[in-house]
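As a plain string of letters, each chain reads:
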Amino acid sequence: MRLVMKALVCVPASVLTLTFCASTALAIGEGDHHKHPPADGPTGDASGNTLTAAAGASSIKVSQVSGGFGGNRPKALTPVDPNWKPPACWYEPVATPEQLKSAVDRLKKGGDLVHVTPTLSWGEDLMVSSYEKDKSAGAGLPSYKNYNLGKSGMFWRGVMNKDLKDDPESWSCERNLFWQEANTVPDDKHAPTPDVLAAYAYDRINVPDTKFELKPATKSTVNLPTWVWSDKGRFQDVKVRAELPHTNLWAETTAKPVSLHLEAGTPDAETYPASGECAINDDGTIGAPYSKGDADRTPPCGITYLRATDGKPYQLKASVTWQISWTGSGGANGDLPDGTFESTQDMNVQEIQSVNR
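Okay, so let's go over this structure. (Residues numbered from 1 in each chain as written. Predicted model: local features only at pLDDT ≥ 70, side-chain atom pairs only at ≥ 80, totals over all residues. Heavy atoms only, no water.)

Let's talk about the pattern of salt bridges
Phase 1: For the coordinates displayed, the defined rule picks out eleven salt bridges.
Phase 2: We note a salt bridge from glutamate 252 to arginine 241, for which the minimum N-O separation is 3.0 Å. Residue glutamate 252 is located in strand β15 (residues 249–263), and its partner arginine 241 is located in strand β14 (residues 238–244); the two are separated by eleven residues in the primary sequence.
Phase 3: Among the charged side chains, a network of salt bridges with common partners joins Lys239, Arg241, Glu243 and Glu252. (Salt bridge = Lys/Arg side-chain N within 4 Å of Asp/Glu carboxyl O. Helix = DSSP H or I, 4+ residues; strand = E, 2+ residues; numbered from the N terminus.)

Some thoughts on the sheet that holds strand β18 (residues 302–305)
What holds strands together in a sheet is hydrogen bonding between their backbones, with the strands either parallel or antiparallel.
Phase 1: Pairing is antiparallel across the open sheet formed by four strands, whose spatial order is β11-β13-β18-β16. The open sheet terminates on both sides in strands that have one partner only, identified here as β11 (213–215) and β16 (269–272). Neighbour-to-neighbour, the strand axes of the sheet open up by a mean angle of 20°, direction not taken into account.
Phase 2: The pairing of β11 with strand β13 (residues 225–229) spans three bridges and is classified as antiparallel. Paired with leucine 214 across the bridge in β13 is valine 228. (Pairing = 2+ DSSP bridges. Axes fitted to C-alpha atoms, helices over the stretch in contact; angles between N-to-C directions.)

Comments concerning the sheet that holds strand β6 (residues 89–95)
Phase 1: Read across the open sheet, the three strands follow the order β6-β9-β10; overall the sheet is antiparallel. The sheet is open, and its two edges are formed by β6 and β10 (178–181), each paired on a single side. Averaged over all pairs of adjacent strands, the angle between their axes in this sheet comes to 45°, without regard to strand direction.
Phase 2: In this sheet, strand β9 (residues 153–160) lies alongside β6 in antiparallel orientation, the contact comprising six bridges. Residue pairing in the sheet places tyrosine 91 in a bridge with glycine 158 of β9.

Okay, structure coming up:
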């Protein structure tokens, strides 16, 4: 391939090996760049190691606004739509002109290489040529004079979703560190719009475990109903906010519990309602508590087993469906696929036809 930067990048001839890959990332000798595996997250602060962190070093701030029973699972919800997934990559502001200059100054003193894309780092020569001396434009690289000091804006770069680092789409933001004027976002399909932040927040919603009351609790009886219910307040809306610093962009994603679905774990059973779908009331309750004397009544939410277990318990599955919506900066809003969270409980069923409860 024809060399296009020989006169522009002042590096020793021994390391001047230039190729342009399909992703447009620059490959140059070991003295000037390294490919790095995706990192799990950022290190340091904006004026320090942020510019050397790779891949998943996102600065998006996520907080749970409401929903006091949020669990500790990092990805509690499973989208009902199997084809839905959060964004694989996007662009973020990473450094002011002063921060970029500081990073390059440290590089000149033997500091870490600077990540200019999610996976590509540059050494001193390329950084100075492109961002300090404005000598790289003819090579198809970004070119700025004196780091744009005195201008209002920030340098941006791509970020990979660390949970999708093996997805080919996560490589779609391999764009070199570029300038963006203040209060603007890139004119690019991977710009961090409110819907991108909403999807990012969806992937980080923590919901309460699918816990509920049973009567009888773990051992049921053939042809007698098992009551299922949840007390007031357990299932409430969970709201998560995601905001991107230096952009005024934000989104709040709300998960609203709408129903509890029961699967008996055997075809020899009847569910109540027949669909197995128990509505979640506005106060967060499900079904109705069992009271003494209710043994022969039909519960609003429950199961009747028609055949006893034979040494191996049935697996009672209960999954809560959460309806997802979002609002964001600039009046943006929309819906995302429903999510579910499932739990399983052993159920033993005995043959006794009548019991005292």
